[in-house]
Each structure stands twice: as structure tokens, then as C-alpha cells.
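# A structural walkthrough
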Amino acid sequence: MKFLALLLSFLFIFNAVLTAQQAEQTEAYQYTIDLNKVQEDQLLVELIIPTSISDKDLTFQFPKIIPGTYEISDYGQFVSSLKAYDKKGREFKVERIDQNTWKIDGKKVYKITYLIQDSWDAEIREAVFEPGGTNIEALKNYVLSANGCFGFFENKEKLPYVVTYNRPSNFYATTSLKRIGGDFDSDIFKAQDYHELVDAPIMYCKPDTVNFKLGYGDIQISVYSPNGVVTAKDVAEKVRPMLEAQNQYLGNILPVDRYSFIIYLSPTGYQSGAIGALEHARSSLFCLVEEKPEKISKMIVDIASHEFFHMVTPLYIHSEEIHDFDFVNPKMSKHLWLYEGVIEYMAQHMQTKYGLVSDKDFLVSIRDKVRNSTRFKQGISLTEMSKNCLIEPYSKQYQNIYYKGAIVAMCLDLELLKLSKGKYDIQMLLRDLSGFYGQDAPFKDEELFQKIIEITGFKELQSFFDRYIDGTDIPAYNDFVKPFGLEYFEEAAVDEVSPLGGIENGVLKKDSLERFFISQYEKLDKFGKEGIGFKQDDVILKWDRKPFTLSTASAVLFSYMGVVKAGDDLSITVLRKNDAGEEEELELNLKVTTIPINKKHVFKFTENPTEEQLRMRNRWLTRQ
Ligand SMILES: [Zn+2]
């Protein structure tokens, strides 16, 4: 019996090999990955090439960059051992031209194989932003962004893709791609072209998902929390009210029928030192820290509302540069102020308009944006930075789009409300632009401003665009906010928590062991000096009971800042020299308190607003 079983399985394997060898070429790229077979943190990828690829077309490529990211990532760098064969298994010569390009010297090429390593823990000089990359954790979790797994032949990105994943039978794929086949331990997905494939990352792991309806759309939330700290249900409880507010904010018309939030939580942080998410048409992929739900829910809501709004722009309203995205020689649009600035503003504005955060907190977030914007180089216009965001010196200014871009978007909203006497705002502008353009009707970069003037009928906007978006003028904030019963002060005293005690003011330096220490005690504020009780040369080992290292610091502080309020307990562990000159570990336990702080760029509500100011403020900040 045993023998028979063996013989049978032998026959079966033999048969399977034969079938695999005889897989027919079709019009599509046919890719296969076996997730069960991770070797040295790598996966083998197999491609049966499309019938229309002739012997002249044998330049195989990976993208330099993908939509929604604004830096070069060179995804080919994660590919190795690329081989090409004909149907009889004869191997051809392959030459690697550069990081992303291979030239195959062959006739009737049938199959290509290569290995991919994951970008998340690859040893590379500049880490790739994790939500746009790949993760291979054998039999635990796989994050598979197509740009890090699959290539295309030069100028043949428009052909369809069929991808087969063999997987552990208890694993589940979260993706917005259409599943067209598979069985209990495999999935087959189809994409109409490379663009759609890249636009739909997949996460494979044991399932933890929640589904619900939003308007007419289906929402899915999928969470990978390796230590089971956060569940999809926890996230759904926080995100659902926000999504409902967003849906109303957009006028109850979601431009898509389904949407997936794919959330990976890391207990230790990420190689890039960043956390964040990347938007796609029907999903977004989040890389956040694994923390108790109450600690990360504000962060998730903030990031999720930003990513979700992206379905309006750039995914729906966008320029030709984005529509005909060039993966090899990317060309950038000059309207990042719209794609990122307006979206970031709306993500904040929506939350206060629908009562998810207080008006006061909203004013603090505006202040922080203005303050952050001053840290960047002045004298570069938003359009100039946008057009050139992949090259120096502009790439270092890119982050400012989330600060200056958002503030200018707010000013545009206020200007629209003022010009229309409260009848027209930025939400309506986006709705009108969606009606005029759309997923398959991109605008020309040069015509957008003119089109907005036509749609709104406000010629006055030309000078707004000339000065603040195309030009380098900083808005005189009082001109914009005063009609709404709001005042701007370059500096004013406020009573607030200063959660970091002033370490954010260039106080920290790295020592020879790459640990952070207090190098400029005098720059700490009252809370840092008296509340926390830092001393000169203290090495910070833990913050809020979490290891404070080069790779964890930003994630630790980010999640702490997201929830901290007056009265909270805080524990910080430092290494401090005692009187004998020996280093001692010391736990500083304290309560977070408010201190009178002179803050720059403060926005305050006018104390005795006129009736008209109140009317306009309500129009701006409360749901109508
Ligand atoms: Zn964004």
C-alpha cells in the first residue's frame, strides 16, 4: 500500500511537471509564485511570456517609480538570477543593462524565471517607502506590491496579466484585484494591464477582516497584527464613522464600488524610519506600528481619511502625466498641491466639519502645518517643486506639500467661500472637476487653473493661483481667515501640553553608539526641564516604556504624540552619570502637564465675532 501511494504520488508529480511545461502561451503575461517555497527570504517568480512578444521585444523591465510615490525606488534592484528559456528548456543569454533592465538574446522565448527578495529588509542604501514595497515573512505574512514582483517587456505594459499564487491553505489574500480562479490553496487574479496590477497590492496572511457597506460601496478592512494586539474589528469601529462622514463630505457619491484597507502592523517599526500608507484606486496599504488600538486609532483615522480621499484625486481627477504613467522615465505633474495638498486639508477639515475633532484641535492642526511649512526652503513655488520633485534640490522640499500645500488649499477654500458669499467651496469644486474630468479623461497640466476659473466663474482666482501656487508668495493669513471670525498671530501665548518637552528643537544628538542624548539642555522648555526632569547628556533609552533607538524613535514619538493629553502618565528611561561618574539607568515617572507656551503661527477664534463672521464660520466648519 505504501508503495502504491508512493508510486501514485510519483505519477502525479510527473504529470504535474508535464502539464506545467506545456502551459500554453496566451495574450497575457502568466505569472506564478509559490508562497510555500521561500528560500533565503526570496521567492521564485515564473513567467510564461505573452504570444505577442516577438524576438525583437526582449527587453524586460521593472519600474523606477510607481504612482503615488514621489521618489525613485528602482524596483529592479530586488530581482536576481533572471533566466530565460524556450519551450524545450534551452537557456538563453541574458544581459543586465541596469538596475531595472534585462536584455534577452534568444529566439521564441517561452519562459522567464527570477528570484525576488523583499524590499522591507533588503540591505540597500536608501530604504524604499514600505507601503510601496514588498515583504516576505515565510508562512507568516507576504505584502506583494506588483512593482516589486512582476516586470514587463518594453512598451508592452498594456497587455493583460494573469497571476497565480500557490499559498498555504489557511492563508487569505486581501486585494482589490479580481479573483478569477484557484482552489483551496491557490488564487488566480487578473489585471487588464500593468497599471492595474501595480494599483492593487496584495497582502497574504491568516485572515482577520471586517466587511461593511458604505453608501453603495463595499468596504473591507484587513489587519495583520503579529501579536494579536489589534483586530480588524477594532479598526473598523474607529474608521467606520470617519468613512461615513467622508462619504457625506463627498456628497454621498463614492467614485468606486469597493475599497480595501490593507493594514500591516509592525511591533518594531520599519527600515525607512517612516510609517504611512500608499493610496490606490480601490485600496490603500498601511504600514503602521503594532500598538494598542486606543493608541493608534487617531493615527489610523488621520491616515485613512487622507488615503481614502485620494480616490477623488489623483485617482479620479488627474493630469496626463499620471494617466499615462511612465514607469521607466517618469514625468511629474505640477499639480501636487491638488493631489496631496487639497487631500490633506480635506482630511483635516472633514473631521472638524463632521464633529470627529473639535474646532480648537483643528486650529492647532492648522498652526502645526504653518509652523512645519516654515522649516522648508522658502522661495520655491508649489508647482515648481511638484514638477521637479524627483530631483535635487526639490526632492528635499517634497514633504512641504503636506504643510504648505494643505494651508494653501485651506486658503483656496476660504477664498471660494468668500467670493461666493458662502455658496461655493472646495468640496463643490472637486465635485465639479470630477464631473468634467474623470478616470479616463485626464486634464492637461497647463489648462487646470483656467478650467477652475471657468467652472467657478471667479476670475479673481487667477491672481490666487499666480501668487500662492505658481508663485512664491506666502498668504497673509489674516486676509483669508478674518471674514470667518478667526485671527492669526505670528506669535501668541497658549496654555498647552508640550509633549516632547522641547527635544524637537534640535536638542538631541546621536552619540558614538548611535543613541540619542540631550546635547543642548538650554533649548528644552519648562516641561522638558522641570516636568520630565531631563539633565544635560542624558541618554534616552526608553520613551513611554518603549525602546528609543535610531529605527524606533520616530514611530514611538509619533504614536505617543497622537494620543498624549494633560494628566497622562509618562515614563522615560535615561542613562545618567551619577556623582561618581558612573552611568546609571534611571526611570523618570511623571504626569504630563500643560505649560504656558509662546507658540508661533497661532490661529484663534475672534472673541466678539459679528453676525456675518459667525455665519461664514458656521458655513465653513459645520455640516450644512
Ligand atoms: Zn497622499
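Everything quoted here is computed from the prediction, not taken from an experiment.

Turning to the coordination of the zinc ion, a few remarks are in order. Only His306 (NE2), His310 (NE2), Glu340 (OE) and Glu340 (OE) from the protein reach the zinc ion as donors, at distances of 2.0 to 2.7 Å. Of note is the zinc ion, whose four donor atoms meet at the metal with angles of 52 to 142 degrees in an arrangement that counts as irregular. Each donor residue of the zinc ion lies on one chain, and together they are spaced H-x3-H-x29-E. Remark: Glu340 occurs in helix α6 (residues 336–353) and His306 occurs in helix α4 (residues 293–309); sequence separation between them is 34 residues. The class for Glu340 is buried, based on a relative accessible area of 1%.

Turning next to the sheet that holds strand β19 (residues 276–279). The five strands are arranged β16-β17-β18-β20-β19 in an open sheet whose pairing can be described as mixed. Two strands lie at the open edges of the sheet, namely β16 (209–214) and β19, each paired on one side alone. The sheet shows a mean angle of 15 degrees between the axes of neighbouring strands, direction not considered.

Structurally, Leu338 is set in helix α6. On the basis of relative accessible area, Leu338 is assigned to the buried category, the value being 2%. Apart from the residues within four sequence positions on either side, Leu338 is in contact with Thr313, Ile317, Ile343, Leu430, Phe443 and Leu448.

Tyr114, Phe150, Ile221, Trp337 and Trp620 are the most contacted members of the largest nonpolar core, which totals 165 residues. Among all residues touching Phe150, those that are not within four sequence positions of it are Tyr31, Ile33, Val45, Phe62, Tyr114, Val163, Tyr165, Tyr194 and Leu197. Within the second largest apolar cluster, 26 residues are counted, among which are Ile503, Phe527, Ile540 and Ile572.

Right, let's talk about the domain arrangement of the chain for a bit. How big an interface is tends to be stated in terms of the accessible area lost upon association of its parts. You can read the domains of the chain as domain 1 (23–205), domain 2 (209–307), domain 3 (320–482) and domain 4 (500–591). Taking only C-alpha atoms, the centre of domain 2 and the centre of domain 3 are 24 Å apart. Taken together, the contact pairs 13 residues of domain 2 with 16 residues of domain 3. Across the interface of domain 2 and domain 3, roughly 1200 Å² is buried in total on both sides, 58% from carbon and sulfur atoms. On the domain 2 side of the interface with domain 3, the three residues burying the most area are Ala245, Tyr249 and His306, jointly 56% of the side's total. Where domain 2 touches domain 3, the interface holds zero salt bridges. Linking domain 2 to domain 3 there are five residue pairs in polar contact (both at pLDDT 80 or more). Mapped onto the side of domain 2 that touches domain 3, the elements with two or more residues apiece are α3 (232–249) and α4.

Rules and cut-offs
All chains use their own residue numbering, which begins from 1 and follows the written sequence. Only residues with pLDDT of 70 or above have their local features reported here, since the model is predicted, and side-chain atom pairs are shown and tallied only from 80 upward, although totals for entire chains, interfaces and linings are computed over all residues. Side-chain numbers here rest on the full set of heavy atoms in the structure, without hydrogens or water. The rule for donors is simple: an N, O or S atom within 2.8 Å of the metal counts, and for Na, K and Ca the reach is 3.2 Å. Water is not among the atoms, so a site may look short of donors. Irregular is the default label, applied whenever a site is not tetrahedral (four donors, all angles between 85 and 135 degrees) and neither square planar nor octahedral (four or six donors, opposite donors over 155 degrees apart, all other angles between 65 and 115). Numbering goes from the N terminus for both helices and strands, where a helix is a DSSP run of H or I of at least four residues and a strand is a run of E of at least two. Only protein chains enter the accessibility calculation, which uses a 1.4 Å probe. A residue is then buried if its area is under 20% of the maximum for its type, exposed if over 50%, and partly exposed in between. Should DSSP find at least two bridges between two strands, the strands are regarded as paired. To get an axis, a line is fitted to the C-alpha atoms, and for a helix only the part in contact is used. The angle between two axes follows their N-to-C directions and goes from 0 to 180 degrees. Whether two residues are in contact is decided by their heavy atoms, any of which lying within 4.5 Å being enough. Among the buried residues, those of types Ala, Val, Leu, Ile, Met, Phe, Trp, Tyr and Cys that are joined through side-chain atoms within 4.5 Å form a nonpolar core. Domain segmentation is taken from an automatic or database assignment of domains. Here the quantity called buried area is the accessible surface, traced with a 1.4 Å probe, that two parts lose on coming together, added over both. Take a side-chain nitrogen of Lys or Arg and a carboxyl oxygen of Asp or Glu: if they are within 4 Å of each other, that pair is a salt bridge. Polar contacts, as counted here, are pairs of nitrogen or oxygen atoms within 3.5 Å of one another; within protein the pair requires one atom able to donate a hydrogen and one able to accept it, and residues that are adjacent in sequence qualify only if both atoms are side-chain atoms.

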